[in-house]
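# Geometric and topological summary
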Amino acid sequence: MRALVICDDYWHHADVPREGLGALGDAEFQFDWIEDAKEWSAERMAQYPLVVLIKSNNVSSTDREPWVDDAVEQAFRDYVRGGKGLLVVHSGTAGYRDKPVLRALMGGAFLRHPPQVPVTVAPKDGHPLAEGSEPFTVQDEHYLMALDDAAADVYLTTTSEHGTEPGGWTRTEGDGRVCVLTPGHNVEVWLHPSFQTLLRNALRWCGGTA
């Protein structure tokens, strides 16, 4: 399956998701990349069955101007409602608190994070998207989230000295699927075997192959 990865912002450079997704190490997914949001268009996005959003609301790591306007929000909503998949990882939830259409599509938004701490990532026992993964603890930004959609299916929690937060959930929008994973500031998170499994499960589910 071909997936379009939209990544790279001031706080989260593209090398981390590139290494993390590259470590999946199989031919099941082919990733194409947009790091400068000026290269994005609704027409280009429509060519893919699956988008992975790992970019906060910056054009790139060297351009902190916002890239999401009303037309971009509408394009994402139309894309998913038309039957496509959207996987949002870590910084893909950040900077969109005041973007109501995109926030509603995700089912929530990033609020803040304390300084990095050990974070325990706990998949929900028996959930299909958690299959093959185990709880693990790793140094990370602990994202404190607003989960707006009461019907979202939370299958992952993150816990640190700052409390427990929803760390992964799914929802549907029209004929499409949305999955959110909040861990992932450091490459060590992405490369952890359990997180690799969570990524693969989420990609398959969003892409309609699971």
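Up top is the structure.
Below is a short write-up of the structure. (Residues numbered from 1 in each chain as written. Predicted model: local features only at pLDDT ≥ 70, side-chain atom pairs only at ≥ 80, totals over all residues. Heavy atoms only, no water.)

## Quick word on the pattern of salt bridges
Applying the stated criterion to the full structure yields 8 salt bridges. In this structure, E173 engages R81 in a salt bridge whose closest nitrogen and oxygen atoms are separated by 2.9 Å. Within this pair, whereas E173 is found in strand 10 (residues 163-173), its partner R81 is found in helix 3 (residues 70-81), the two being separated by 92 residues in sequence. You can call E173 buried: its relative accessible area is 12%. Among the ionic pairs, D148 bridges to R103, the shortest N-O distance being 2.6 Å. Here D148 is found in the loop between strand 8 (144-147) and strand 9 (153-160), whereas its partner R103 is found in helix 4 (residues 100-106), with 45 residues between them in sequence. Owing to a relative accessible area of 42%, D148 belongs among the partly exposed residues under this scheme. In this structure R103 comes out as buried when scored by relative accessible area, which is 19%. (Salt bridge = Lys/Arg side-chain N within 4 Å of Asp/Glu carboxyl O. Helix = DSSP H or I, 4+ residues; strand = E, 2+ residues; numbered from the N terminus. Buried < 20%, exposed > 50% of the residue type's maximum accessible area, 1.4 Å probe, protein only.)

## Thoughts on the environment of S61
Mapped onto the elements, S61 comes out in the loop between strand 3 (50-54) and helix 3. When its relative accessible area of 18% is taken as the criterion, S61 is described as buried. When the C-alpha positions of S61 and W11 are compared, they lie 7.0 Å apart, and in sequence the two are 50 residues distant. Once residues within four sequence positions are removed from consideration, S61 is found in contact with D8, D9, Y10 and H13. (Contact = heavy atoms within 4.5 Å.)

## Remarks on the side chain of S60
On the secondary structure map, S60 appears in the loop between strand 3 and helix 3. If we skip the residues at most four places from it in the chain, S60 touches D8, D9, Y10, E35, D36 and K55.

## Regarding the environment of L102
Structurally, L102 is set in helix 4. With 28 residues separating them along the chain, L102 and Q74 place their C-alpha atoms 7.9 Å apart. Every residue in contact with L102, bar those within four places of it in the chain, is listed here: V68, E73, F76 and Y96.

## Quick word on the side chain of R171
With respect to the element layout, R171 can be found in strand 10. Within the structure, R171 has its side chain in polar contact with the side chain of D149 (distance 2.8 Å). Excluding its chain neighbours within four sequence positions, the residues that come into contact with R171 are A104, L105, M106, G107, D149, G176, R177, V178 and W205. (Polar contact = N/O pair within 3.5 Å; in protein donor to acceptor, adjacent residues only side chain to side chain.)

## Focus on the sheet that holds strand 4 (residues 85-89)
In spatial order, the strands read 2-1-3-4-11-10-9-6-7; together these 9 strands make up an open sheet with mixed pairing. Looking along the sheet, the strands with just one partner apiece sit at the ends: strand 2 (30-34) and strand 7 (136-140). If you compare each strand with its neighbour and ignore which way they point, the axes differ by 20 degrees on average. Pairing between strand 1 (residues 2-7) and strand 3: 5 bridges, direction parallel. Counterpart to A3 in the pairing with strand 3 is L50. Running at roughly 115 degrees to strand 11 (residues 176-181), helix 3 makes contact with strand 1, strand 3, strand 4, strand 10 and strand 11 of the sheet. (Pairing = 2+ DSSP bridges. Axes fitted to C-alpha atoms, helices over the stretch in contact; angles between N-to-C directions.)

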